[in-house]
Amino acid sequence: MNVLFTDDNFTLFRDGFLRTVELTALSGLLALVLGVLLAAFRVSPVPPLRIFGTVWVNVLRNTPLVLLFFAVVFGLPKIGVDLGYFTFAVLALGCYTASFVCETVRSGINTVPLGQAEAARSLGMTFAQTLRLVVLPQATRTVVSPTGSILIALTKNSAIAGAFNNAELYGVMKTWNELGYKIFAIFFWIALGYLVITFAISALFRFLENRLAVAR
Amino acid sequence: MRTRRTAAAALAVLALTAVAACGKDGSPGGDSSGPGTSYEVKKNVSITGSPTFDAAKKRGKLIIGAKADQPNLGFEDVASGTRSGFDIEIAKMVAADLGFSDKQVEFKTIPSTNRETAIAGGEVDYYVGTYTINDDRKKQISFAGPYFVAGQDLLVSKDNTAITGPEAVKGKQVCSATGSTSIKRIADQYGAKTTAFDTYSQCVDKLLDGSVDAVTTDDAILKGYAAKYPDKLKVVGKPFSQEPYGIGLNKDDKALRDAINNAIEAHEKNGDWKKAYDATLGKSGANATPPQLVRY
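Residues numbered from 1 in each chain as written. Chains lettered and ligands numbered in written order. Predicted model: local features only at pLDDT ≥ 70, side-chain atom pairs only at ≥ 80, totals over all residues.

### Some thoughts on the domain arrangement of chain B
All names here are of chain B. Segmentation of chain B into domains returns domain 1 (51-150 + 244-284) and domain 2 (152-235). Each of domain 1 and domain 2 has a C-alpha centre, and these two points are 26 Å apart. Contacts between the two partners involve eleven residues from domain 1 and, on the opposite side, 14 residues from domain 2. (Domains from an automatic or database assignment. Contact = placed C-beta atoms within 7 Å.)

### Overview of the sheet that holds strand β10 (residues 193-197) of chain B
Residues and elements named next belong to chain B. Within the open sheet, the five strands sit side by side as β10-β9-β11-β8-β12. Their pairing is mixed. Strands at the two margins of the open sheet, each flanked by one partner only, are β10 and β12 (233-235). Direction aside, neighbouring strands of the sheet carry axes that sit 30 degrees apart on average. Judged from the three bridges that link them, strand β8 (residues 152-157) and β12 form a sheet pairing that is antiparallel. Looking across to β12, one finds that V156 is bridged to K234. Each of β8, β11 (214-218) and β12 is contacted by helix α8 (residues 219-228), which is oriented at about 155 degrees to β12, the strand it contacts most. (Pairing = 2+ DSSP bridges. Helix = DSSP H or I, 4+ residues; strand = E, 2+ residues; numbered from the N terminus. Axes fitted to C-alpha atoms, helices over the stretch in contact; angles between N-to-C directions.)

### Some remarks on the environment of I197 of chain A
All names here are of chain A. Inspection of the secondary structure assignment puts I197 in helix α8 (residues 183-212). Judged by C-beta crowding, with 20 C-beta atoms within 10 Å, I197 ranks as buried. Separated by 150 residues in the primary sequence, I197 and P47 place their C-alpha atoms 39 Å from one another. Residues within four places of I197 in sequence aside, it is in contact with T20, V21, T24 and T155. (Buried ≥ 20, exposed ≤ 12 C-beta atoms within 10 Å, placed from the backbone.)

### Thoughts on the sheet that holds strand β2 (residues 69-70) of chain B
All names here are of chain B. A sheet is described by the order of its strands in space; here three strands give the open sequence β2-β3-β4, paired in antiparallel fashion. At either end of the open sheet lies a strand with only one pairing partner, and these are β2 and β4 (82-84). Here β2 pairs with strand β3 (residues 74-77) via two bridges, running antiparallel. Bridge pairing in β3 links D69 to F75.

### Topic: unusual backbone geometry
In this structure, the amide linkage connecting G145 of chain B to the following residue, P146 of chain B, adopts the cis form with an omega of 5 degrees. At N165 of chain A, a position not held by glycine, the phi torsion is positive, near 60 degrees. Within the fold, N165 of chain A resides in the loop between α6 (127-157) and α7 (169-179). Of note, N72 of chain B is a non-glycine position whose phi angle comes to about 65 degrees, a positive value.

### A word on the packing of helix α4 (residues 85-111) of chain A against α6 of chain A
All names here are of chain A. Here α4 crosses α6 at 150 degrees, and the two axes come no closer than 8 Å. Put simply, α4 runs roughly antiparallel to α6. For the pair α4 and α6, the crossing hand works out as right-handed. Of α6, the residues touching α4 (which contributes L93, T97, F100, V101, T104, V105, G108, I109 and T111) are V135, A139, T142, V143, P146, T147, I150, L154 and N157. (Parallel < 35°, antiparallel > 145°, perpendicular 65-115°, else oblique. Left-handed = near helix turned anticlockwise from the far one by under 90°.)

### Comments concerning helix α2 (residues 51-59) of chain B
Think of an α-helix as turning once every 3.6 residues; residues three or four places apart then point the same way. All names here are of chain B. Within α2, the full set of buried residues consists of T52, F53 and A56. When α2 is viewed along its axis, its buried side chains cluster within an angular range of 95 degrees and face the same direction. On its buried face, α2 sits against β1 (62-66), β13 (243-249) and α9 (254-269). A positive backbone phi angle near 85 degrees is found at G60, which sits one or two residues after α2. (Arc of directions from axis to C-beta.)

Laid out in structure tokens, this is it:
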């Protein structure tokens, strides 16, 4: 159990933990922004946007994340796009997760009765206004809880970035394993690292859920 | 319908990118089937006091742990299901001396992280795969050999004259496996900038691309890649660590350990070792001689 407190393991663990937090936060932000935008595309009256949204979701949601990482990290530099491994990881994680966020938001939008949108339109609101002022605020309530689950999944998915030159928690695990520490001790600390992050996310989302709850 | 067609087209594009991305890795590594790869199988072998051997005899086949992703060392051609490489040859030589023919040998791919568990748990009878003998591991298993002494070295592109040894990598981009001791050593002791992936083939891909300056790990592994791309890559040839490779087996099975040591010694003496080396790692242009066995 005292793996963490021997040699410079604590520094290694701390840096890895912070890198995981950073990866999760940045790609989570990207996923949320992109996901809402994609959902808007998918319900918009403009066919090319709808098609774009559908293709994005169907391609990214249905391909393994490792494959996506592989295509991004090894494929993009071959066609002259080299943004650095951290940016690649954020992009891959963010774009992948955005497809899940999009579908959650879209299902949230579908729970808002059609009459609401019709009423908004009859008042002369544009599509963007309808979505922003009438539909999305109501959809948010249903969407909060599943979005929390998606972000928790994202945290754990970020471990894949560790195999593509990002020194995060998974990399720490690899290092300790190579140094020959007991598997159980390694598992304990690495799992704890992830649990801290995922618990923080679920606490945040429970708080949001309570804040946004309305008596119906 | 239209959306579906667009989706299909996009999928096709993505699939193509993925294929393009790994095009280089896909090139056949099975071109190194080794020398005849058949060794004279001894008959009526008996080893007294070896539970592992008795179990294998009863089962009618030997289960050997190996690696599958190291060209010319421990490699499995997934398409044909055949294995090749220096470690595989060593494993077969030993198997032949224990009285098991090629047909009675089953290879099992075990990654580095699971080696001790697989051996101690009896999942494999013995393990041959770039397995460095050290005291920490000897607490859980035991080693026959060494049958080869590797050392950490550098793989660079053929026309690279700047990197002549570990002292020359300061500030250069060097790639190795995530969390490995090699990557730690090159960063801490020699001041290289590092890139870490899960497999060496990914590092080699980046080296061929030119996005890293060198790949570092045991020279045996590097020679395997140099032998695979003899026109593009070379091993620097100044090893800066000692990694004696042994055959891992059950900790308490001294009888089997002695038998395996005898087998290694016999094949080193009759020239099989040299033949196997020349047909695999030797293709990289580097020579090697068998090391002294350490019996205990």
